[in-house]
Amino acid sequence: MENRLIYLDHAATTPLKKEVLEEMLPYLTTYYGNPSSLYAIGRESKKAIELARERVAKAINASVTEIFFTGSGTESDNWAIRGAAYQNRQKGRHIITTAIEHHAVMHTFRQLEEEGFEVTYLPVDETGTVDIQKLINAIQSDTTLISVMYANNEIGTLQPIKEIAKVAQDKGICFHTDAVQAVGSIPVDVKDLGVDLLSLSGHKFYGPKGVGVLYIKKGVKIQNYMNGGAQERNKRAGTENIAGIVGIGKAIELSIQKLEANQKYIASLRDLALNQILSKMTFIKLNGHKTNRLPGNLNLSFQFVEGESMTIMLDQRNIAVSSGSACASGSFDPSHVLLAIGLSHELAFGSIRFSFGEENTEEDVDLLVEALIETVTELRKLSPLFMALSGGVQRQSNKRKVKNIISKM
Amino acid sequence: MTQKVLVGMSGGVDSAVAASSLIDQGYEVIGATLLLWQGDYENKKENGKTCCSIDDVEDARSVANKLDIPFYVLNMKDLFEEKVVDYFTESYFMGATPNPCIACNRFIKFEAMLDKALALGADFIATGHYARIEFDEKTGRYLLKKAVDLTKDQSYVLYMLTQPQLKRLLLPLGGMVKTGTRKEALDKGLRVSNKPDSQDICFVEGGKYGDFIKNYTNKESPHGWFVDRKGTKLGRHKGIINYTIGQRKGLGIAASAPLYVIEKNLKENTVVLGFKDETYTKSLTASDMNYIAFDQPTKAFKAMAKVRYSAKESEALVTPIGENRVTIEFLSHQLFVAPGQAVVLYDGDLVIGGGIIEVNND
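Novice: I'm lost on the overall build of chain A in this one. Help?
Specialist: Counting secondary structure elements, chain A contains 15 helices and 13 strands. Taken over the C-alpha trace, chain A has a radius of gyration of 24 Å; the compact-globule value for 409 residues is 22 Å, and the two agree within 12%. Along the three orthogonal principal directions, the C-alpha set of chain A runs to about 75 × 55 × 40 Å. Here chain A, with 409 residues, has 56% of them falling under the buried criterion. Nonlocal contacts in chain A, meaning residues at least 24 apart in sequence, comprise 73% of its contacts between residues at least 6 apart. Carbon and sulfur atoms make up 53% of the accessible area of chain A, which totals about 17,400 Å².

Novice: What am I meant to see in a negative patch on the surface here?
Specialist: A grouping of A:E113, A:E114, A:E115 and A:E118 is seen on the molecular surface, where their side chains present a negatively charged patch. Looking at where A:E113 falls in the secondary structure, it is placed in helix α4 (residues 103–114).

Novice: Looking at this structure, how should I read the sheet that holds strand β11 (residues 270–274) of chain B?
Specialist: Pairing between the strands of a sheet comes from backbone hydrogen bonds, and it takes one of two forms, parallel or antiparallel. Residue and element names in this part refer to chain B. The mixed open sheet is built from four strands, whose spatial order is β9-β8-β11-β10. Two strands bound the open sheet, and with one partner strand each, they are β9 (233–237) and β10 (260–265). The sheet shows a mean angle of 30° between the axes of neighbouring strands, direction not considered. In this structure, strand β8 (residues 224–227) lies alongside β11, joined through three bridges in parallel fashion. Bridged to F226 within β11 is V271.

Novice: Looking at this structure, how should I read the pattern of salt bridges?
Specialist: Note on pairing: side chains with opposite charge can pair once their charged atoms come close. All chains considered together, the criterion is met by 40 salt bridges over all chains. A salt bridge links A:E306 to B:K116; its shortest N-O distance comes to 2.6 Å. Of the two residues, A:E306 is situated in the loop between β10 (297–302) and α11 (307–316) and B:K116 in helix α4 (residues 100–119); the pairing between them involves two chains. In this structure, A:E308 engages B:K116 in a salt bridge whose closest nitrogen and oxygen atoms are separated by 2.6 Å. Of this pair, A:E308 sits in helix α11 while B:K116 sits in helix α4, placing the two residues on different chains. For A:E308, a relative accessible area of 4% translates into the label buried.

Novice: Help me out: how do you make sense of the sheet that holds strand β8 (residues 212–216) of chain A in this one?
Specialist: Residues and elements named next belong to chain A. Pairing is mixed across the open sheet formed by seven strands, whose spatial order is β2-β8-β7-β6-β5-β3-β4. Two strands in the sheet have a free side with no partner beyond their single neighbour: β2 (67–70) and β4 (118–122). The sheet shows a mean angle of 20° between the axes of neighbouring strands, taken without regard to direction. As defined by bridge partners, strand β3 (residues 94–98) adjoins strand β5 (residues 143–147) across three bridges and the pair is classed as parallel. When the bridges of β5 are listed, I96 appears paired with I146. Packing of helix α6 (residues 161–171) onto the sheet brings it into contact with β5 and β6 (174–178), and relative to β6 it is tilted by some 160°. In this fold helix α9 (residues 242–257) packs onto β2, β7 (197–201) and β8, with an angle of close to 95° to the strand it touches most, β7.

Novice: What is the right way to look at unusual backbone geometry in this model?
Specialist: Working note: non-glycine residues mostly have negative phi, and peptide bonds are mostly trans. Residue and element names in this part refer to chain A. Its identity as a non-glycine residue notwithstanding, N234 has a phi of 65°, on the positive side. Note that N234 resides in helix α8 (residues 231–234). Among the residues examined, N234 registers a relative accessible area of 52% and is labelled exposed. A positive phi angle, near 55°, is found at F283, a position not held by glycine.

Novice: Where do I start with the side chain of B:S287 in this structure?
Specialist: Summarising the element assignment, B:S287 is placed in strand β12 (residues 281–291). Among the polar contacts made by the side chain of B:S287, one reaches the side chain of B:E358 at a distance of 2.7 Å.

Novice: How should I be thinking about the domain arrangement of chain A in this particular structure?
Specialist: Think of interface size as the accessible area that goes away when the parts come together; that is how it is often given. Residues and elements named next belong to chain A. Taken as a whole, chain A is organised into domain 1 (18–257) and domain 2 (259–389). Domain 1 and domain 2 are separated by 29 Å when their C-alpha centres are compared. Between domain 1 and domain 2, the residue contacts involve 29 residues of the former and 21 residues of the latter. Surface buried jointly by domain 1 and domain 2 totals about 2,000 Å² across both partners, of which 57% is contributed by carbon and sulfur atoms. Summed over the three residues of domain 1 that lose the most area to domain 2, namely E154, I155 and Y206, the buried surface amounts to 32% of that side. For the pair domain 1 and domain 2, the interface holds zero salt bridges. Applying the counting criterion to the domain 1 and domain 2 interface returns 14 residue pairs in polar contact (both at pLDDT 80 or more). When contributions to the side of domain 1 that touches domain 2 are tallied by element, the ones reaching two or more residues are α4 and α9. Here the residues of the side of domain 1 that touches domain 2 are counted per class, giving 12 nonpolar, 13 polar and four charged.

Novice: Teacher, can you tell me more about α4(B) here?
Specialist: An α-helix turns once per 3.6 residues; consequently, residues spaced three or four apart project the same way. Residues and elements named next belong to chain B. At R106, α4 shows its largest bend, some 25°. The element α4 is largely enclosed, with a buried count of 18 among its 20 residues. Its side-chain oxygen 3.1 Å from the backbone nitrogen of C101, N99 forms the N-cap of α4.

Novice: Could you clarify how one ought to interpret the packing of helix α2 (residues 40–59) of chain A against α9(A) in this entry?
Specialist: Residues and elements named next belong to chain A. Close contact between α2 and α9 brings their axes to 8 Å; oriented N to C, the two are set at 30°. For the element pair α2 / α9, the angle class is roughly parallel. Note on packing geometry: the crossing formed by α2 with α9 is left-handed. Packed against α2, whose contacting residues are S45, A48, I49, A52, R55, V56 and A59, the element α9 presents I242, I245, V246, I248, G249, K250, I252, E253 and I256 at the interface. In the contact of α2 with α9, the residues fall into 11 nonpolar, two polar and three charged.

Scoring rules and cut-offs
- Residues numbered from 1 in each chain as written.
- Chains lettered and ligands numbered in written order.
- Predicted model: local features only at pLDDT ≥ 70, side-chain atom pairs only at ≥ 80, totals over all residues.
- Heavy atoms only, no water.
- Helix = DSSP H or I, 4+ residues; strand = E, 2+ residues; numbered from the N terminus.
- Rg over C-alpha atoms; globule rule 2.2 N^0.38 Å.
- Buried < 20%, exposed > 50% of the residue type's maximum accessible area, 1.4 Å probe, protein only.
- Contact = heavy atoms within 4.5 Å.
- Areas by Shrake-Rupley, 256 points an atom, 1.4 Å probe, with all protein chains shown as cover.
- Patch = residues over 30% accessible without salt bridge, like charges linked within 9 Å, V, L, I, M, F, W, Y side chains within 5 Å.
- Salt bridge = Lys/Arg side-chain N within 4 Å of Asp/Glu carboxyl O.
- Lys, Arg positive; Asp, Glu negative; His and termini not counted.
- Charge placed at Lys NZ, Arg CZ, Asp CG, Glu CD.
- Pairing = 2+ DSSP bridges.
- Axes fitted to C-alpha atoms, helices over the stretch in contact; angles between N-to-C directions.
- Polar contact = N/O pair within 3.5 Å; in protein donor to acceptor, adjacent residues only side chain to side chain.
- Domains from an automatic or database assignment.
- Buried area = accessible area lost by both parts, 1.4 Å probe.
- Nonpolar A, V, L, I, M, F, W, Y, C, P; charged D, E, K, R; others polar.
- Bend = angle between axes of the 7 residues up to and from the residue.
- Parallel < 35°, antiparallel > 145°, perpendicular 65-115°, else oblique.
- Left-handed = near helix turned anticlockwise from the far one by under 90°.

Dropping the structure here:
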């Protein structure tokens, strides 16, 4: 009786692949040694970490000495931004980011602002793209850091990272990109891009949660974020999450092997969904860039409907999507990304993000479209009906009366 | 077919037990916490003591997990600000003493939450209020009655319910006593079983209305004169928004007997003080009347009337004077009748209806 799960929220997280789990398991049980220990099972752990480092390095065309394991994409972002800002504090206190960053970046910049740094938040156009000229204009003599995300987590828009890196390099400014959504979805080559710092996260490409990577280009100096032991070549203290690190290594290797085919397949599912929705439904707006976006990302605003209600109704049909407004218990302001690309509050609250993955099928798309038609029709039709049911007409006059009472007193 | 009910869960013990007893009664239950008010959330300077704190949401979620029901947080922040907080602060500047909980019930819980629940395919909503709803076959009306536990009765704050709302509302605690509710929560292993009852206005920290209103509106309430009934100046007051009808503390005026705030005169920007016997009222006008027990009446009728949540009921004659307005004459003197508060009419344990006190006629 329970519907099978249709999971369309791969931008939030992805399921762990079986092959990845299998490689991880021995490091939770058999090879539990501390990688810092000199005896055999300690060395086994160390070996596993270094293999994972090679795999990650190879996947993004870095060298192994440039790969540092962290506890999450968020930690990588925090470390990169704070580390670079503090390292260059004497040179200058102006740092630049965009208005559409993930909270891990945005809140770190806010914190630095409170600590006395001057922050420029670059605007984006209606597709969610940063204007290079605006970036160039924002650079000051005391600018020490630029951080621009590779792919946006809500609308999927890709930024001209290579061009931005070129600008930063010419001016001698450290450049960080949050590539958490990009790595595993599209090819990422740190040498070709020319970035100084790059964050990625394991659970976005079928790896485990609780492990991330910060790429630090050779020669780039940033301050440490975690203090303690000598792990990660004295740069990131804390006993390694060996199983997690093994997992991220295996997962990134697998994702790179089939990247091109997966990209095409996932984009075809996304386009199928978009075409079906646009041909069968009305009053829908596509958010983000039409073509220059992540293959799996589809962000739509459904007019006259709240994203919150839609996600709940889809959840009741066991379809997992996320909305720009609904959140477990966090902030309930409309998405800063959707507002930054010029959406009204109403359209921002009516937005849904579908993010497809390689295990999705055309049948999933059909079932999704069917459910969307049902729920949206129901919600659009029912809301005025229920207003009448609970006294829509009377409500209007009540509102007037309350105002009257107040003004009389 | 199983009927579906969305339970508004505040994170407190009452709504937790409301949810669990509906499950016992065989309903398909969905839990929802309304997110109504947040402090400076983005900067994580959240006011922990006010409503909808992360702790409250997590308490509600823990109960929902324990009961194994779906749980959602529904965003009603903007609506709450408009319908409750703005109304509350505006009313204070107008010299009234509003009841924000009644505004919240009216526009948020029993209107917006109901709309949302029905849109999501629920048949009913439920809350942890202590009151009873009964369907009267003879008249075809849904009736609102006091709770069995009179010490916890909350029918006063539910007087504004309309027939379509009552039809869709379940109040599973109406027949329970508070100690029973806590025991039930304990027996079911719900972690909120010992959580203290909420006090005061949920969005005002520490009950300091004046400070809240000033900070929220960024408006000053000009200082003025305390006067007596004859207009004699007694001293300076710190702005009309800082005083409530019946207030005795914090006036700073010495007199032969305790002085109370008996009126706020917006035009003159004065706060009228008097001795206790000067605060008595025998007649008031109320408007925005809602009737539950019968349709809008045309003739005068007798009822027991209650002028504040904590006031005792008093025998009164209610005379309709035009659309949704009445005058209410009391047999005995009423203390501290404040414009902006609700007056609720009872016949025994039956709620006849109620309205907002517009003016105190004495």
